[in-house]
Amino acid sequence: MIRISSSLTLGLALFFPVFWFVFFGSLSIFIAATDPEDLPLANPVLFKTVLIICYILFGFLIYKSFAKLKRVELENNQLFITNYFKTVTFDISHIAKIKDHSILGMMIITLELDYKSIFGTKIRFLSDAQKFQLLAERINNSKTEES
């Protein structure tokens, strides 16, 4: 079995969101529950409001970007996709489209399926250029074998 997704996926998909929601959430609740006169700030109400807004905004961004990353592995013509709690397998011939975006030296790959799986129709994961090339070649070979 060949791991197509990056090893960084585990940290970004699980640990970073858990750290943000648990630890920063606990800090935000603690500061929000503290009496304004106990905080050494000129305007504690404004600080609490900005803190809660930032927590919610960045929590939303983390959920929409990092928490949706999946781990992808390839064996023969089967893709194994997991969110570290559930694993789904399907044939690579079900991939309708593949897109890649390069951000900060990492490639974000989006696989669009021709049906809705348990993870939806779009599967996102981090990869490097060599593993992406291997996956793209397997998909192209699968499409030519079907024709």
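Before any of the text, the structure's been laid out above.
Note that the structure is predicted; figures quoted are calculated from it, not measured.

S.K.: Account for the side chain of K70, with residues named and values stated.
M.R.: As for its position among the elements, K70 is in the loop between α2 (44-65) and β2 (71-75). E73 provides the closest opposite charge to the buried, salt-bridge-free K70, at an N-O distance of 15 Å. Polar side-chain contacts of K70 include one of 3.2 Å to the backbone oxygen of K68. Setting aside anything within four residues of it in sequence, one finds K70 in contact with S5, T9, I81, T82, N83, F119, I123, R124 and F125.

S.K.: Let's hear about the sheet that holds β2: which residues, and what values?
M.R.: Two orientations exist for strands paired in a sheet by backbone hydrogen bonds: parallel and antiparallel. The sheet built from 4 strands is open, its strands ordered β1-β2-β3-β4 with antiparallel pairing. For this open sheet the edge positions go to β1 (2-3) and β4 (87-91), each flanked by a neighbour on one side alone. Here β1 runs beside β2; their pairing, made up of 2 bridges, is antiparallel. Counted as the bridge partner of R3 is E73 from β2.

S.K.: Mind laying out unusual backbone geometry, listing which residues take part and the relevant values?
M.R.: With the exception of glycine, most residues fall at negative phi, and the peptide bonds are largely trans. Unlike most non-glycine residues, N76 shows phi in positive territory, near 55 degrees. By relative accessible area, N76 is classed as exposed at 59%. Located in the positive-phi region is Y84, a residue other than glycine, with phi close to 75 degrees. Position of Y84 among the secondary structure elements: in the loop between β3 (78-82) and β4. Using a relative accessible area of 26% as the deciding quantity, one classes Y84 as partly exposed.

Criteria and thresholds
- Residues numbered from 1 in each chain as written.
- Predicted model: local features only at pLDDT ≥ 70, side-chain atom pairs only at ≥ 80, totals over all residues.
- Heavy atoms only, no water.
- Helix = DSSP H or I, 4+ residues; strand = E, 2+ residues; numbered from the N terminus.
- Buried < 20%, exposed > 50% of the residue type's maximum accessible area, 1.4 Å probe, protein only.
- Lys, Arg positive; Asp, Glu negative; His and termini not counted.
- Salt bridge = Lys/Arg side-chain N within 4 Å of Asp/Glu carboxyl O.
- Polar contact = N/O pair within 3.5 Å; in protein donor to acceptor, adjacent residues only side chain to side chain.
- Contact = heavy atoms within 4.5 Å.
- Pairing = 2+ DSSP bridges.

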